[in-house]
Amino acid sequence: MVGGRICGLSVRDVRFPTSLGGHGSDAMHTDPDYSAAYVILETDVGDGLKGYGITFTLGRGTEVVVCAVNALAHHVLSKDLRDIVGDFRGFYRQLTSDGQLRWIGPEKGAVHLATAAVLNAVWDLWAKQEGKPLWKLLVDMKYCRKVKLVKKKELCTEALKDGWTRFKVKVGADLQDDIRRCRLIRDMIGPEKILMMDANQRWDVPEAVEWMSKLAEFKPLWIEEPTSPDDILGHATISKALVPLGIGVATGEQCHNRVIFKQLLQAKALQFLQIDSCRLGSVNENLSVLLMAKKFEIPVCPHAGGVGLCELVQHLIIFDFISVSASLKNRMCEYVDHLHEHFRYPVIIKKASYMPPKDAGYSTEMKTDSVQKHQYPDGDVWKKLLAAQGN
Ligand SMILES: C[C@H](O)[C@@H](O)CC(=O)C(=O)O
Ligand SMILES: [Mg+2]
């Protein structure tokens, strides 16, 4: 029986000092501390179930998102879960239409990341109360199709032996270095395996076309985020110019909301659509993007990695496969083997494929010990690091 008054909402600033090893860095984000604003919802039911929600952030950015979560809290507190999920669209709109907070959005930036964290927690709680993994909760809302679930993902070069067939390389900072690394990787993986490139918004439009013309010999399937995520027509220009070279455009990890995705689709500005479980307004908004992608026949290849993005987005892509696209053609879901040990229900990868999660909920819950140690600035990890830096 779904329900219970939400009587507690807390949010933690959880940071992993990944910048120390340069992990996750790219041409634009050179010192990322992979982080999460981590929301915990409690009800008065007394069943011990809590809802956990995250959004992915980088270091100091978490402070801002934590403030935004607190500013949204009054929409959730004292509400009954049954009423929320009974009119989830209305509730979604209530959060995203807050008359004071929407001025600093609307539906974009810190306030939208906060919406994602809060609503991801609501979805987790709902799925847990139903006793189902989130993907099953979604699938059961639609018709069922018996299918074989195989989701291929990409990883780095040494993963070849584990069966990975798709790989992504960061580009955009230095052309000669890009050529050197792309050649190395292409030589290692051979001509058949798929190579993707990611520029993380480093270029303007003519630069993107010119740069990719120089990298075309390495036969990339796509160039990801070639330019500003807001430049819809720029993406369309790049797409058009790269079609003759056999290179698609992929984007979405920093796409503000469904409206921008709609325009990217309408403008034929992308060939691969990368939803992100923690940037859009949680499951609700991602569902609308999955449906639009289906309508435009554009494959969805989610962005993942970060903190918990693989854990969450696997539910969405499994749902997409079973109930929306019903296809694996040109589809894959990013995988980065990083920080999974901090999650209570980490992803399971076998033979380079995501295994459908079986535990109830949205796989959002972090281990208590990990949260305590990495809470900023008073967790043990940060106390030591800050002391070493003389702070
Ligand atoms: C800063 C992040 O690590 C970013 O580089 C991730 C990314 O672009 C991707 O996974 O794709
Ligand atoms: Mg990327």
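Under the annotation held in an unreviewed UniProt entry, the protein chain carries the name Mitochondrial enolase superfamily member 1 isoform X2 and is attributed to Ceratotherium simum simum. Annotation of the protein chain in UniProt includes, under Cofactor (unreviewed entry), the sentence "Mg(2+)".

Can you lay out the environment of isoleucine 6 for me, pointing to particular residues and giving the numbers?
Mapped onto the fold, isoleucine 6 is located in strand E1 (residues 6-15). You can call isoleucine 6 buried: it has 22 C-beta atoms within 10 Å. Between the alpha carbons of isoleucine 6 and leucine 81 there is a distance of 6.8 Å; along the sequence they are 75 residues apart. With sequence-adjacent residues up to four places away left out, isoleucine 6 is seen in contact with Leu41, Thr43, Val76, Leu77, Ser78, Lys79 and Leu81.

Explain the packing of helix H9 (residues 258-266) against helix H10 (residues 282-296) to me, and be specific about the residues and the numbers.
Where H9 contacts H10, the two axes come as close as 10 Å, and the packing angle between them is 10°. By the criterion of interaxial angle, the relationship of H9 to H10 is roughly parallel. Contact residues: Arg258, Phe261, Lys262 and Leu265 in H9; Glu285, Ser288, Val289, Met292 and Phe296 in H10.

Before we move on, could you go through the site of ligand 1 and cite the residues and values that matter?
Contacts to ligand 1 come from Gly24, Asp26, His29, Pro32, Asp198, Asn200, Glu253, His303, Gly305 and Glu334. Partitioning the shell around ligand 1 into residue classes produces 1 nonpolar, 5 polar and 4 charged. Shared between two domains, the shell around ligand 1 holds at least three residues of each, these being domain 1 (6-133) and domain 2 (154-354).

Please set out unusual backbone geometry residue by residue, giving values where relevant.
Between glycine 105 and proline 106 the backbone carries a cis peptide bond, its omega angle lying at -20°. Note the cis peptide between tyrosine 376 and proline 377, where omega equals 0°. The backbone of glutamate 225 shows a phi angle near 40°, a positive value even though the residue is not glycine. Residue placement: glutamate 225 occurs in the loop between strand E7 (220-224) and helix H8 (232-242). Of note, alanine 326 is a non-glycine position whose phi angle comes to about 55°, a positive value. With respect to the element layout, alanine 326 can be found in the loop between helix H11 (309-324) and strand E10 (349-350). Taking the C-beta count within 10 Å as the criterion, alanine 326 has 11 such neighbours and is therefore assigned exposed.

Could you give an account of the environment of glutamate 107, with specific residues and numbers?
Following the sequence through the fold, glutamate 107 ends up in the loop between helix H3 (88-96) and helix H4 (109-130). Overall, the presence of 19 C-beta atoms within 10 Å leaves glutamate 107 in the partly exposed class. When neighbours within four sequence positions are excluded, glutamate 107 is seen to be in contact with Thr96, His112, His256, Asn257 and Gly281.

Kindly report on the pairing of strand E2 (residues 34-43), identifying the contributing residues and their values.
The element E2 is extensively covered by neighbouring structure, given that 9 of its 10 residues are classed as buried. As paired strands, E2 and strand E3 (residues 50-58) are joined by 9 bridges and run antiparallel to one another. Bridging from a neighbouring strand, tyrosine 34 pairs with leucine 58 of E3. Taking the residues that link successive antiparallel strands as the turn, the E2-E3 hairpin has 6 residues, and the phi of glycine 46 there is positive, at about 85°.

Outline the domain arrangement of the protein chain, supporting the account with residue identities and numerical values.
On domain assignment, one finds that the protein chain holds domain 1 (6-133) and domain 2 (154-354). Using only C-alpha atoms to locate each centre, domain 1 and domain 2 end up separated by 24 Å. Tallying contributions element by element places H4 first for the side of domain 1 that touches domain 2, with 7 residues. Tallied by class, residues from the side of domain 1 that touches domain 2 come to 14 nonpolar, 9 polar and 3 charged.

The rules behind these values
- Residues numbered from 1 in each chain as written.
- Chains lettered and ligands numbered in written order.
- Predicted model: local features only at pLDDT ≥ 70, side-chain atom pairs only at ≥ 80, totals over all residues.
- UniProt positions renumbered as here; feature names shortened; annotations may be inferred.
- Helix = DSSP H or I, 4+ residues; strand = E, 2+ residues; numbered from the N terminus.
- Buried ≥ 20, exposed ≤ 12 C-beta atoms within 10 Å, placed from the backbone.
- Contact = placed C-beta atoms within 7 Å.
- Axes fitted to C-alpha atoms, helices over the stretch in contact; angles between N-to-C directions.
- Parallel < 35°, antiparallel > 145°, perpendicular 65-115°, else oblique.
- Near = placed C-beta within 6 Å.
- Nonpolar A, V, L, I, M, F, W, Y, C, P; charged D, E, K, R; others polar.
- Domains from an automatic or database assignment.
- Pairing = 2+ DSSP bridges.

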